[in-house]
Amino acid sequence: MNVSLEKTVENLRKNHMLVHYVATRQEVPALVRSLMPSASSVAVGGSVTLDETGVLDLLRDGTYRFLDRYAPGLTRDEVEGIFRASFDADWYITSTNAITEQGELYNVDGNANRIAALAYGPRQVIVVAGVNKLVPDLAAAVHRVKTVAAPLNAKRLNKSTPCALCGQCVHPEGSLTEGCDSPDRICASALITSRQIRSDRIHVILVGEPCGY
């Protein structure tokens, strides 16, 4: 794992992403605070990792102008409005489904609001990921989504998909397209984030323990 982690960090930097490492999830909020000026506007992608690492609590303490997609009582139209407003945020914080040793981020979405904001819009992006997200290559990243991330997220979101019921995709070894045709399917769009034009936009915080799905 140490060799894999070192290789991943080196290649993320070669791909013009800024990399930060912390040993434990408890260190994440202080690092995030050090990166983002107070009063910045901040939006987030759907993420168990951000909850587990305390990032959501940080964003709700009044220091930032948080576009809180999880605020109680929001209608679906209001949530969609936050998704669109996120593209003009100073900062966008999310996790990732997988990080390859070649320094690529791999993400799969249903609505695609998260991968859209990761690709373009918010001025700066922070990606928080535990070491459980590290994989050798893109094929392994697809496999991880089909057998780990998608089944757990589908179950969390109360989706009626084969993966939520069985624990893995009906085509775990195939391409992303080779999956279910359920109307609740959450694997609609995929994004590979590789070498960036801007070398100062995406920060990747690697946590030396498992976090999220």
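The coordinates are above.
Residues numbered from 1 in each chain as written. Predicted model: local features only at pLDDT ≥ 70, side-chain atom pairs only at ≥ 80, totals over all residues. Heavy atoms only, no water.

Undergrad: Would you explain the overall build of the chain in this entry?
TA: Across its full length, the chain carries 8 helices and 10 strands. In terms of overall dimensions, the chain is globule-like: its C-alpha atoms have a radius of gyration of 16 Å, near the 17 Å expected for 213 residues. C-alpha extents for the chain along the principal axes are approximately 45 × 45 × 30 Å. Evaluated residue by residue, the chain yields a buried proportion of 52% over its 213 residues. Put simply, 75% of the contacts in the chain that link residues at least 6 apart link residues at least 24 apart. With an accessible surface of roughly 9,900 Å², the chain has 52% of that area assigned to carbon and sulfur atoms. In the chain, which carries 22 positive and 23 negative side-chain charges, the distance between the mean positions of the two groups comes to 2 Å. (Helix = DSSP H or I, 4+ residues; strand = E, 2+ residues; numbered from the N terminus. Rg over C-alpha atoms; globule rule 2.2 N^0.38 Å. Buried < 20%, exposed > 50% of the residue type's maximum accessible area, 1.4 Å probe, protein only. Contact = heavy atoms within 4.5 Å. Areas by Shrake-Rupley, 256 points an atom, 1.4 Å probe, with all protein chains shown as cover. Lys, Arg positive; Asp, Glu negative; His and termini not counted. Charge placed at Lys NZ, Arg CZ, Asp CG, Glu CD.)

Undergrad: Whenever I open this one, the pattern of salt bridges confuses me. Can you help?
TA: Any two side chains of opposite charge can pair if their charged atoms end up close together. Overall, the coordinates contain 13 salt bridges when judged by the stated rule. With a shortest N-O distance of 3.6 Å, R65 and D90 are connected by a salt bridge. Taken as a pair, R65 in strand 3 (residues 65-67) and D90 in the loop between helix 5 (76-85) and strand 4 (91-94) lie far apart in primary sequence, 25 residues in all. Members of the salt-bridge network, linked through shared partners, are R65, D88, D90 and R123. (Salt bridge = Lys/Arg side-chain N within 4 Å of Asp/Glu carboxyl O.)

Undergrad: I keep staring at the sheet that holds strand 9 (residues 189-193) and nothing clicks. Help me out?
TA: Sheet strands pair via backbone hydrogen bonds, and the direction of the pair is either parallel or antiparallel. Reading across the sheet, the 4 strands line up as 8-5-6-9 and stay open at both edges, with mixed pairing between neighbours. Looking at which strands have only one partner, the edges of the open sheet turn out to be strand 8 (134-135) and strand 9. Relative to strand 9, strand 6 (residues 105-109) is paired through 5 bridges, and the arrangement is antiparallel. Bridging across to strand 9, V108 finds its partner in A190. Here helix 1 (residues 2-14) sits on the sheet in contact with strand 5 (98-100), strand 6 and strand 8, set at roughly 85 degrees to strand 5. (Pairing = 2+ DSSP bridges. Axes fitted to C-alpha atoms, helices over the stretch in contact; angles between N-to-C directions.)

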